[in-house]
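Listed below are the residues making up each chain.
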Amino acid sequence: MSSRAIAILLSLLVAGVLTAFAWLGPTLPFQQAFLTGGVTIAACFLLIYLSFEALIFREINNIYAGLEHIKRKEFRKLSNRFLFRPEPLKRMRDEILQMAERKQREIDELKRLQVLRREFLADVSHELKTPIFAAQGFLHTVLDGDVDDEFLRQKFLQKAANSLDTLDTLVQDLITIAQLEKGVVRLRKQPFDLTGLIQEIFEQLELKAAQRRVTLELVGSEEPLNEVWVLADRNRIRQVLVNLIDNAIKYGREEGKVIVTLTERAKVVSVSVHDDGEGIPKQHQNRIFERFYRIDKSRSRDSGGSGLGLAISKHIVEAHKSIIRVHSEVGEGTTLEFKLPKPKAVVAEAMAPT
């Protein structure tokens, strides 16, 4: 029923009551009572119709119009002039539109997460399948007796063992990420010298860097570089730095340079790892920390790793109440940076008056 029909019915009802009362009363004759009823009908109709139209139906129409904008994701077209209005219907309209906007954004986020979930399941199934099939093929070849030479049998068994080692590493990385996301892993924070840790990592990755003729360099805000103390979980930070430096060696230029910079500030130490490779395009920079995400889809699994290193590094750094920032331009290389707190004793010593 429209607002006009409701207004007419209510007007007739009010006017009928007033007319009957006036006609039955001793003071007014029939004609005057009838005229009074007509004027009452007109006045009631205008009053009620305009009230319904202005206060209820127009606001309801505005609500439907706003919901249509939300469905079309045209959030900018929603008017702000309805905010902070005292009228209950208009406040209700604002609340409905805000709730609908929130729900629409939640739906969009769920759709995005569903896409990421499908991608993750596809990637993890592929990552698990590759070493399993490789090991299966080598082992069945040996078991079927197709390889008579003892040297070849040992070679096939070694390849199968390498594939299973890759599978074990992948599973352990997945378990680590799951534990970090749940907060199960407890960090063992203690003061340690970050300079010494980086030198150890350089020695560990020296052979890999030499294969690509890459120079590893450690620089600091002060020269010569002395001990730089931080308060963190040494083993976890080692894992982060190994991942970042290893990626810098892989994706930097051959015969290039990987530079690790330590910048000391009042209460924190900034750690940055820079390579002189091709750089990361803007559209990929927000996704490089996703599990199994690769910028170059054609890159082989052997050269690209499992695709979990940066994801694990992100969670470890966040567990230390910090974040990894990406600074990259195509053709100018990439820098990954994060911060670690200094021990309180070092901070107090630095801030003590001399």
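Residues numbered from 1 in each chain as written. Predicted model: local features only at pLDDT ≥ 70, side-chain atom pairs only at ≥ 80, totals over all residues. Heavy atoms only, no water.

Going by an unreviewed UniProt entry, the protein carries the name histidine kinase and comes from Hymenobacter cavernae.

1. Digging into the packing of helix 5 (residues 194-204) against helix 7 (residues 234-251)
Closest axis-to-axis distance for the helix 5/helix 7 pair is 10 Å, and the angle between their directions is 50°. By the angle class used here, helix 5 and helix 7 are oblique. Considering how the two elements wind past one another, helix 5 and helix 7 form a crossing that is right-handed. Residues Leu194, Leu197, Ile198, Glu200, Ile201, Phe202 and Gln204 of helix 5 pack against Arg234, Ile237, Arg238, Leu241, Val242 and Ile245 of helix 7. Split into classes, the residues belonging to the contact of helix 5 with helix 7 amount to nine nonpolar, one polar and three charged. (Axes fitted to C-alpha atoms, helices over the stretch in contact; angles between N-to-C directions. Helix = DSSP H or I, 4+ residues; strand = E, 2+ residues; numbered from the N terminus. Parallel < 35°, antiparallel > 145°, perpendicular 65-115°, else oblique. Left-handed = near helix turned anticlockwise from the far one by under 90°. Contact = heavy atoms within 4.5 Å. Nonpolar A, V, L, I, M, F, W, Y, C, P; charged D, E, K, R; others polar.)

2. Examining the pattern of salt bridges
In the structure shown here, the tally under the stated rule is 14 salt bridges. Lys342 is the salt-bridge partner of Glu264, the closest N and O atoms lying 3.4 Å from each other. One end of the pair, Glu264, is in strand 4 (residues 257-264); the other, Lys342, is in the loop between strand 7 (333-341) and helix 11 (344-351), with 78 residues separating them in the sequence. We note a salt bridge from Glu318 to Lys314, for which the minimum N-O separation is 3.1 Å. One end of the pair is Glu318 and the other is Lys314, both in helix 10 (residues 309-319) and four residues apart, which spans about a single turn. (Salt bridge = Lys/Arg side-chain N within 4 Å of Asp/Glu carboxyl O.)

3. Thoughts on the confidence of the model for the protein
For the protein, the average pLDDT comes to 78, and 72% of its residues sit at 70 or higher. Per-residue pLDDT stays below 50 along residues 80-86; that stretch engages in 10 contacts with residues further than four places along the chain or on separate chains. In this model, residues 300-304 is a region of pLDDT below 50 whose contacts with residues beyond four sequence positions or in other chains number nine contacts. (pLDDT = per-residue confidence, 0-100.)

4. Observations regarding the sheet that holds strand 7
Spatial strand order, 2-4-5-7-6: five strands in an open sheet with mixed pairing. Single-partner strands in this sheet number two, and they are strand 2 (215-220) and strand 6 (325-329). Here the strands of the sheet are splayed against their neighbours by 15° on average, with no regard to which way each runs. Sheet topology note: the strand 5 (residues 268-275)/strand 7 ladder contains eight bridges and is antiparallel. Looking at strand 7, one finds that Val271 is bridged to Phe338. Across the sheet, helix 5 is in contact with strand 2, strand 4 and strand 5; its angle to strand 2 comes to roughly 175°. (Pairing = 2+ DSSP bridges.)

5. Digging into the side chain of Ser313
Its place among the elements puts Ser313 in helix 10. When residues no more than four places from it in sequence are discounted, the contact partners of Ser313 are Val240, Asn243 and Ile324.

6. Regarding a nonpolar patch on the surface
On the surface, a cluster of nonpolar side chains totalling about 230 Å² of accessible area is made up of Ile8, Leu12 and Ile41. Assignment of secondary structure puts Ile41 in helix 2 (residues 30-71). (Patch = residues over 30% accessible without salt bridge, like charges linked within 9 Å, V, L, I, M, F, W, Y side chains within 5 Å. Areas by Shrake-Rupley, 256 points an atom, 1.4 Å probe, with all protein chains shown as cover.)

7. A closer look at the pairing of strand 5
With six of eight residues buried, strand 5 is to be regarded as a mostly interior element. Pairing of strand 4 with strand 5 involves six bridges; the strand directions are antiparallel. Counted as the bridge partner of Val260 is Val273 from strand 5. Between strand 4 and strand 5, which pair antiparallel one after the other, the connecting turn spans three residues. (Buried < 20%, exposed > 50% of the residue type's maximum accessible area, 1.4 Å probe, protein only.)

8. Points about the nonpolar core
Membership of the largest hydrophobic core comes to 49 residues, with the highest contact counts inside it found for Leu194, Leu241, Ile245 and Phe338. A total of eight residues in this core trace back to one element, the largest contributor, which is helix 7. Not counting chain neighbours up to four residues away, the residues in contact with Phe338 comprise Val240, Leu241, Leu244, Val269, Ser270, Val271, Val317, Ser322, Ile323 and Ile324. (Core = buried A, V, L, I, M, F, W, Y, C linked by side-chain atoms within 4.5 Å.)

9. Focus on the packing of helix 7 against helix 10
Their axes nearest at 9 Å, the elements helix 7 and helix 10 cross at an angle of 140°. One way to sum up the angle between helix 7 and helix 10 is to call them oblique. The two elements helix 7 and helix 10 cross, and the hand of that crossing is left-handed. The segment helix 7 lies against helix 10, with Arg236, Gln239, Val240, Asn243, Leu244 and Asn247 engaging Gly309, Leu310, Ile312, Ser313, Ile316 and Val317.

10. What to know about the pairing of strand 6
Because side chains alternate across strand 6, one face comprises the buried residues Val326 and Ser328, and the other comprises Arg325, His327 and Glu329, none of which is buried. In terms of strand pairing, strand 6 meets strand 7 through five bridges, oriented antiparallel. Paired with Ser328 across the two strands is Thr334, which belongs to strand 7. Where strand 6 hands over to strand 7, the hairpin turn is made up of three residues, of which Gly331 adopts a positive phi near 85°.

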